[in-house]
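Coordinates in review
The chain contents come next:
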Amino acid sequence: MSLASSISTSRSTRKNPQGKLNKGTAVPAGFVHDVMENCDSKRQVVILDCCNSGAFGEGMIARYAEGTIDFKQQLGGEGRIVLTSSSAVEYSFERKGEELAIYTRYLVEGIETGAADLDRDGKISVNELHDYAKTRVSKAAPSMRPQRYILQEGEKIFLANSPVSDPKLLYRSTVEEFSQDGIIRPAGRRVLNRRSLSLGLTPEEAVAIEAEVLEPHRQHQHNLQEYEEVLREEIELEYPLGDRTLQELKALQKELNLTDENVEAITAEVIRESTQGFQSLTELYSMLLSDELLIEDTSTLETFTFNIITVNAKGEQIDHRPGRAEYFSEDFLKLDMVSIPSDSFTMGSTEHGSEKPPHKVTIAPFFMGKYPITQDQWSAIARLPKVNLDIAPDPSNFKGANRPVESVSWDEAVEFCDRLSKKTGKPYRLPSEVEWEYACRAGTTTPFHFGETITTDLANYRGTDWKHGDTTYPGNYGDGPKGIFREQTTDVGSFSPNAFGLYDMHGNVWEWCADPWHDNYEGAPVDGSAWLTNAEKPDRLLRGGSWNNPPWSCDSASRLNYEAGGRDSDLSFRVVCSVPRTP
């Protein structure tokens, strides 16, 4: 093989009729080398963020169609380091809609945030910057393996100073330490909560830093999930897979930045599942979507993040942490349905007779509206054809497109669900009482999902003392503070959600449940279903409290009965759906 010169090509590079590169449309490495040699600086950094595709190899040797290249000979020099975004035979990737390619993006991120100062000495060396970017790239695009080629002491070149005492940088470092596999575990979460508070970061700042650190891992997980979804669809159409399908899957693998190991693991699992006791994936999917076996299809779900607030018995914030939940949307209605996981919990309390006895209930997964139904959503469904009942398009007392609809009866709420079901083909309904309480608590055992008390900074309720007849109901709960009385509803989502990502579970409006009223929980179901005995009685169940009620009416266990045909300016509802969203 003859000694050849490396050539950098671009989108405008062309080949001549003999199939060789027209070198006038490319940049020879020798030209770059000459420019560097004529530069007075003895500390030089060269960054190649492009598809090497055989241009540069391991050990400073590059391969080219016309021969081999001695990298040191062509780009060598005192105090010089060459960084490449991938190795000799790999692609280098960019993301649609982003100005910077993946490798360059993390180089810039490392300098801008100071995160590339790995030894925390206040300076970022080119070696540290490369190591930082390489680690980030390995999570976002494992098929890329950034390389470095060092001449003399090029790796010691310092590129930038870093703000070593910056609280955001310090918190970022802690997040990276406790999320090395892309997951923040419970103990790590506690460390991060305390760390963010001690550094004086706001919840929004902490969430933003964590999202940025975890983004490469989440992007990679999304790509893995997308490949698995496509593979399942292909196997459904054809198995064994044909040559065309295999070629297209290989192209998709490259587009998603997946390694051969990633694809082999996915393929083995999908094939194993598709052939284990089933004639085909058609039979498998048919069974999964039947009434006999219902699972949640998470492949079509989106994710949102939020802040979770916890207060002590005095209403003082003692903790905040970022939350994350999955959901799907009915786009025509702007209705977000949040995925609620299965679990067991203790329902009820020992405080009031109607909340007794506390009893353990096991809940199947379901989807619940992120907010109470708004006036805009109600109006849209009211325009659809009647199923059983006429409903007014604008029944609310407190007007506002994004305020909860109110002054609607239980019967009208059921009609809303029936029309929505007919429109979408999904079985929407009111929640059972046990589903509502489970969703409200979101894993907590305190009176409120915020903690031991509640404040009017956290929810909309009557936060002032209320004299009703001979009784004065206090505007505070326990040792918590009094607050304000807004005397009306507020826009949905005005306050912080619970750990499931559900808003307005305490106060604002009472929410209808599917169940008829029962005086207590003696004989109640323990499987999450609605308790449908007493259906002939007129009263139905409401949960959550409202803008017009004192705080004790708004706790997680509080219950209220009201006539099914009754309406009031604090009566509303949210919907649930017990089946997965179909693509």
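Structure first, text after, so check above.
Report follows, based on the coordinates. (Residues numbered from 1 in each chain as written. Predicted model: local features only at pLDDT ≥ 70, side-chain atom pairs only at ≥ 80, totals over all residues. Heavy atoms only, no water.)

This paragraph deals with the pattern of salt bridges. Between side chains of opposite charge, a pair can form as their charged atoms come close. Per the counting criterion, the structure on display carries 21 salt bridges. The residue K482 makes a salt bridge to D465 at a minimum N-O spacing of 3.6 Å. Linking K482 in the loop between β18 (471-473) and β19 (510-516) with D465 in the loop between α13 (433-441) and β17 (466-468), this pair joins segments that are 17 residues apart in sequence. For D465, a relative accessible area of 41% corresponds to the partly exposed category. In this structure, a network of salt bridges that share partners links the residues E433, E437, R441, R543 and R559. (Salt bridge = Lys/Arg side-chain N within 4 Å of Asp/Glu carboxyl O. Helix = DSSP H or I, 4+ residues; strand = E, 2+ residues; numbered from the N terminus. Buried < 20%, exposed > 50% of the residue type's maximum accessible area, 1.4 Å probe, protein only.)

Turning our eyes to something else, we now look at the sheet that holds β19. Taken together, the four strands give an open sheet; going across it, the order is β21-β20-β19-β22, and neighbouring strands pair in mixed fashion. Either end of the sheet is taken by a strand with one partner, and the two such strands are β21 (559-563) and β22 (571-572). Sheet topology note: the β19/strand β20 (residues 539-543) ladder contains three bridges and is antiparallel. Bridge pairing links E511 to R543 in β20. (Pairing = 2+ DSSP bridges.)

A few words now on the pairing of strand β14 (residues 359-363). Alternating positions in β14 separate cleanly, H359, V361 and I363 being buried on one face and K360 and T362 remaining unburied on the opposite face. In the sheet, strand β13 (residues 343-347) pairs with β14 via five bridges, with the strands oriented antiparallel. Within β14, the residue paired with T346 across the bridge is K360.

If you trace the backbone, E412 turns up in helix α12 (residues 410-424). A polar atom in the side chain of E412 sits 2.8 Å from the backbone nitrogen of S409. Not counting the four nearest positions on each side in its chain, E412 is found in contact with W378, L389, I391, S407 and R567. (Polar contact = N/O pair within 3.5 Å; in protein donor to acceptor, adjacent residues only side chain to side chain. Contact = heavy atoms within 4.5 Å.)

Here R574 is to be found in the loop between β22 and β23 (576-577). Classification of R574 by relative accessible area gives buried; the value is 0%. C-alpha of R574 to C-alpha of W436: the two residues are 138 residues apart in sequence and 9.6 Å apart in space. Of note is the side chain of R574, whose polar atom sits 3.0 Å from the backbone oxygen of G369.

Counting buried residues along α13, nine of its nine residues qualify, which places the element largely inside the surrounding structure. What α13 keeps buried is the set E433, V434, E435, W436, E437, Y438, A439, C440 and R441. Once α13 finishes, A442 follows within two positions and takes phi at roughly 50 degrees, a positive value.

What follows covers the packing of helix α5 (residues 167-177) against helix α6 (residues 186-198). The geometry of α5 relative to α6 is characterised by a closest axis approach of 10 Å and an angle of 175 degrees between their N-to-C directions. For the element pair α5 / α6, the angle class is roughly antiparallel. Residues L170, Y171, T174 and V175 of α5 form the contact with α6, whose own contacting residues are R189, V191, L192, R195 and S196. Its residues assigned to classes, the contact of α5 with α6 comprises five nonpolar, two polar and two charged. (Axes fitted to C-alpha atoms, helices over the stretch in contact; angles between N-to-C directions. Parallel < 35°, antiparallel > 145°, perpendicular 65-115°, else oblique. Nonpolar A, V, L, I, M, F, W, Y, C, P; charged D, E, K, R; others polar.)

To continue, consider the nonpolar core. Grouped together as the largest cluster of nonpolar side chains are 30 residues, with contacts concentrated most on I340, F366, M368 and L502. Elements supplying a minimum of two residues to this core: β10 (302-311), β11 (317-330), β12 (335-340), β13, β14, β15 (366-369) and α13. If you tally residues by element for this core, the top one is α13, at five residues. When neighbours within four sequence positions are excluded, M368 is seen to be in contact with D336, M337, V338, I340, P431, W436, A439, L502, M505, R574, V575 and V576. Counting 29 residues, the second largest nonpolar core, distinct from the first, contains L333, Y428, A514 and C577. (Core = buried A, V, L, I, M, F, W, Y, C linked by side-chain atoms within 4.5 Å.)

Another point: the pairing of β15. Of the two faces of β15, the one holding F366 and M368 and the one holding F367 and G369 are both buried throughout. In this structure, β12 lies alongside β15, joined through four bridges in antiparallel fashion. Of the residues in β15, the one forming a bridge with V338 is M368. Relative to β23, β15 runs antiparallel, the two being bridged by two bridges. Across the sheet, M368 pairs through a bridge with V576, a residue of β23.

Within the secondary structure, Y438 sits in helix α13. Spatially, the C-alpha atom of Y438 lies 8.0 Å from that of I363, the residues being 75 residues apart in sequence. Filtering out sequence-adjacent residues up to four positions away, Y438 remains in contact with I340, P341, S342, D343, F345, I363, F366 and F500.

A full pass over the atoms with the stated rule returns 15 aromatic pairs. Geometrically, the ring pair formed by F416 and F573 is edge-to-face, given 5.2 Å between the ring centres and 70 degrees between the ring planes. Taken as a pair, F416 in helix α12 and F573 in the loop between β22 and β23 lie far apart in primary sequence, 157 residues in all. With respect to class, F416 is no different from F573; both count as buried. Linked through ring pairs, F304, F306 and Y327 together constitute an aromatic cluster. It is K370 that lies over the ring of Y327; its NZ or CZ is 5.1 Å from the centre. The ring of F332 carries the charged tip of K423 above its face, separated from the ring centre by 5.2 Å. (Phe/Tyr/Trp six-rings, centres within 6.5 Å; stacked < 30°, edge-to-face > 60°. Lys NZ or Arg CZ within 6 Å of the ring centre and 35° of its normal.)

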